[in-house]
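# Coordinate analysis (summary)
In case you want the letters, here they are:
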Number of protein chains: 2
Amino acid sequence: MPVDYSLYLVTDRGILKGRSLFAAVEEAIRGGVSLLQLREKNVCSRDFYHIALELKELANSCNVPLIINDRLDIALAVDADGLHVGQEDLPLEVARKLLGPDKILGYSVSNTAEAAYGEKNGADYLGAGPVYPTGSKLDTVDPIGVEVIKTIKESVSIPVVAIGGISRSNAAEVKKSGVDGLSVISAILGSPQVEENARCLKNIWRA
Amino acid sequence: MPVDYSLYLVTDRGILKGRSLFAAVEEAIRGGVSLLQLREKNVCSRDFYHIALELKELANSCNVPLIINDRLDIALAVDADGLHVGQEDLPLEVARKLLGPDKILGYSVSNTAEAAYGEKNGADYLGAGPVYPTGSKLDTVDPIGVEVIKTIKESVSIPVVAIGGISRSNAAEVKKSGVDGLSVISAILGSPQVEENARCLKNIWRA
């Protein structure tokens with residue numbers, strides 16, 4: 001079944017200010033999130049595992065695939081639908097080998113060289129960015145802008161989602177670059193109106 | 001081939017004060033370390049992977065097995081000889097399933113209930129402790145003392161290594177508890193005389 005990359009939510013419990021991740025994700029999916037990435041950076045493996053188990057059941061019951069950020073062990077342990085690795089994670093080709101050919105494998109890129117590497121070494125899709133400045137400590141790379149996103153998209157034949165500082169005010173501009181989806185964190189989770197936030201982005205995407 | 005648990009070094013780059021981990025491990029093995037566990041807590045997956053690759057080559061060239069702490073993904077990625085999980089890591093039975101039946105799987109325990117659980121759910125050996133107070137932030141459990149180590153050892157039929165605050169001044173006492181080995185961090189890596197530190201502990205073990 002083809003993956004719907006249109007509205008790709010990456011989690012960050014840090015910006016939930018104590019609100020439940022499970023409830024927020026449930027609302028986000030109701031609002032139109034089509035793909036979910038669980039990202040946890042300051043948690044022990046046991047807790048990561050249990051959070052992933054919970055979210056997998058939730059996401060899959062709504063026909064939304066669950067992707068795990070960075071941690072191949074957690075992805076394997078919960079039989080997640082995929083893994084997303086960045087430049088500081090396991091090498092892409094190692095991840096692909098251990099994950100098997102059938103799971104979704106994503107790769108973070110900021111330029112066409114990384115994009116070409118990703119396409120050649122087993123990525124199913126690319127997360128290109130950061131498009132705009134981001135408050136999410138997404139990574140340490142400077143914003144690359146919509147033009148570079150467009151260039152990356154045109155340089156490969158696998159799906160590309162844009163990530164980094166995407167909001168309702170710039171989502172239409174990002175869509176025009178030709179990408180296959182919008183990947184967001186704070187634009188959906190950063191304020192309590194999670195379902196509304198997601199629906200608004202989805203409507204911009206569909207327009 | 002049976003594993004030699006007699007002198008089990010767990011790494012901690014934090015106490016090396018900038019000295020090279022590779023060089024320290026090399027000296028420690030020369031001094032008599034028979035088993036090596038790579039433990040990294042504040043490093044990205046890419047760096048963990050590269051450190052593990054390097055240490056695996058070193059350890060295996062000296063016929064010393066390399067065990068990875070906590071991270072099953074790293075253990076699989078470098079084809080390490082085994083994995084060690086604690087109470088905050090992946091559940092033991094999940095780790096065993098993903099690791100396969102042939103790799104060494106260790107499990108941290110502080111009491112006989114955890115030891116029984118470990119023996120039943122796939123552990124090849126137990127790391128029991130902390131025996132004494134430790135400066136290594138090994139975990140948050142209070143020291144259990146040599147008597148409890150002895151009780152744990154007598155309650156299972158798999159090998160048990162003692163860990164936590166073991167030094168040349170108490171190693172003989174720990175050995176009397178009947179354990180299969182001494183697991184140490186600072187007693188070997190905490191001062192620059194790494195080879196001498198290891199040899200001294202090995203001699204106490206053999207005495």
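So, how was this worked out
Residues numbered from 1 in each chain as written. Chains lettered and ligands numbered in written order. Predicted model: local features only at pLDDT ≥ 70, side-chain atom pairs only at ≥ 80, totals over all residues. Heavy atoms only, no water. Least-squares fit on C-alpha atoms with pLDDT ≥ 70 in both. Contact = heavy atoms within 4.5 Å. Phe/Tyr/Trp six-rings, centres within 6.5 Å; stacked < 30°, edge-to-face > 60°. Helix = DSSP H or I, 4+ residues; strand = E, 2+ residues; numbered from the N terminus. Buried < 20%, exposed > 50% of the residue type's maximum accessible area, 1.4 Å probe, protein only. UniProt positions renumbered as here; feature names shortened; annotations may be inferred. Polar contact = N/O pair within 3.5 Å; in protein donor to acceptor, adjacent residues only side chain to side chain. Arc of directions from axis to C-beta. Buried area = accessible area lost by both parts, 1.4 Å probe. Salt bridge = Lys/Arg side-chain N within 4 Å of Asp/Glu carboxyl O. Nonpolar A, V, L, I, M, F, W, Y, C, P; charged D, E, K, R; others polar. Core = buried A, V, L, I, M, F, W, Y, C linked by side-chain atoms within 4.5 Å. Pairing = 2+ DSSP bridges. Axes fitted to C-alpha atoms, helices over the stretch in contact; angles between N-to-C directions.

Placing chain B over chain A gives an RMSD of 0.0 Å and needs a rotation angle of 180 degrees, together with 0.0 Å of translation along the axis. These values place the two chain copies in the arrangement generated by a two-fold rotation axis. Residue Asp73(B) of chain B places its C-alpha closer to the rotation axis than any other residue of that unit, at 2.3 Å. Take the interface residues of chain B: 100% of them recur as interface residues in chain A, which is what a same-surface contact looks like.

So, on to the packing of aromatic side chains. As enumerated under the stated definition, the model contains 6 aromatic pairs over all chains in all. Where Tyr107(A) meets Tyr117(A), the ring centres are 6.2 Å apart and the plane angle is 40 degrees; that geometry is what we call tilted. Here Tyr107(A) is found in strand S5 (residues 104-109), whereas its partner Tyr117(A) is found in helix H5 (residues 112-120), with 10 residues between them in sequence. Given a relative accessible area of 34%, Tyr117(A) falls into the partly exposed group. With centroids separated by 5.1 Å and ring planes inclined at 50 degrees, the aromatic side chains of Tyr5(B) and Tyr125(B) adopt a geometry described as tilted. One end of the pair, Tyr5(B), is in the segment before strand S1 (7-10); the other, Tyr125(B), is in strand S6 (residues 125-128), with 120 residues separating them in the sequence. According to the relative accessible area criterion, Tyr5(B) is buried, its value standing at 8%. An aromatic cluster is present here, built from Tyr5(A), Tyr8(A) and Tyr125(A) joined pairwise through their rings.

Turning our attention to the UniProt feature "binding site: 4-amino-2-methyl-5-(diphosphooxymethyl)pyrimidine" (unreviewed entry) in chain A. All names here are of chain A. Summarizing the sequence annotation, UniProt attributes the feature "binding site: 4-amino-2-methyl-5-(diphosphooxymethyl)pyrimidine" (unreviewed entry) to Gln37, Leu38, Arg39, Glu40, Lys41, Asn69, Ser108 and Lys137 in the numbering used throughout. Along the polypeptide, Glu40 turns up in the loop between strand S2 (35-38) and helix H2 (45-61). Excluding anything up to four places from it in sequence, Glu40 contacts Arg13, Leu21, Phe48 and Ile51. At 2.8 Å, the side chain of Glu40 and the side chain of Arg13 are in polar contact.

Residues and elements named next belong to chain A. Of the positions making up helix H1 (residues 21-31), those classed as buried are Leu21, Ala24, Val25, Ala28, Ile29 and Gly31. For H1, the angular spread of buried residues about the axis comes to 155 degrees, placing them on one side. On its buried face, H1 sits against strand S1 (7-10), S2, H2, helix H8 (186-189) and helix H9 (194-206). In this structure Ser20 caps H1, since a side-chain oxygen of it lies 3.3 Å from the backbone nitrogen of Phe22. Backbone geometry just downstream of H1 places Gly32 in the positive-phi region, at approximately 125 degrees.

Right, let's get into the side chain of Ser45(A). Within the element layout of this structure, Ser45(A) appears in helix H2. Ser45(A) has contacts with Arg71(A), Ile74(A), Asp70(B), Glu88(B), Asp89(B) and Leu90(B), leaving out every residue within four places of it along the chain.

Right, let's get into the interface of chain B and chain A. Contacts between the two partners involve 19 residues from chain B, matched on the other side by 19 residues from chain A. Together, the buried faces of chain B and chain A total about 1600 Å²; carbon and sulfur atoms form 62% of this surface. Sorting the residues of chain B by area buried against chain A places Arg46(B), Asp73(B) and Leu90(B) first, and these three jointly supply 31% of that buried surface. Along the contact surface separating chain B from chain A lie 2 salt bridges. One salt bridge connects Arg71(A) with Asp73(B), and the closest N-O pair in it is separated by 3.8 Å. Run the count over chain B and chain A and you get 10 residue pairs in polar contact (both at pLDDT 80 or more). Broken down by secondary-structure element, the contributors of at least two residues to the side of chain B that touches chain A are helix H2 (45-61), helix H3 (72-77) and helix H4 (92-99) of chain B. Looking at the side of chain B that touches chain A element by element, the count peaks at 5 residues for H3(B). Its residues assigned to classes, the side of chain B that touches chain A comprises 10 nonpolar, 3 polar and 6 charged.

Here we take up the nonpolar core. Ranked by size, the top nonpolar core spans 129 residues in total, and within it Ile68(A), Ile188(A), Ile68(B) and Ile188(B) carry the most contacts. Apart from residues lying up to four places away in sequence, Ile188(B) is in contact with Leu7(B), Leu9(B), Ala28(B), Val33(B), Val194(B), Asn197(B), Ala198(B) and Leu201(B).

What follows is about the environment of Val78(B). All names here are of chain B. Among the secondary structure elements, Val78 is positioned in the loop between H3 and strand S4 (82-85). A relative accessible area of 5% places Val78 in the buried class. Each C-alpha atom, one on Val78 and one on Leu55, is 9.9 Å from the other, the two residues being 23 residues apart in sequence. Sequence-distant contacts of Val78, that is, excluding residues within four places in its chain, are made with Tyr49, Ala52, Leu53 and Lys56.

Residue and element names in this part refer to chain B. Judged by pairing direction, the barrel is parallel, and its 8 strands sit side by side in the order S1-S2-S3-S4-S5-S6-S7-S8 before closing back on the first. Along the sheet, successive strands turn relative to each other by an average axial angle of 25 degrees, direction set aside. Where S6 meets strand S7 (residues 160-163), 3 bridges bridge the pair, whose relative direction is parallel. Note that in S7 the partner of Gly127 across the bridge is Val161. The strands that H4 touches are S4 and strand S5 (104-109); relative to S5, the one it contacts most, it runs at about 170 degrees.

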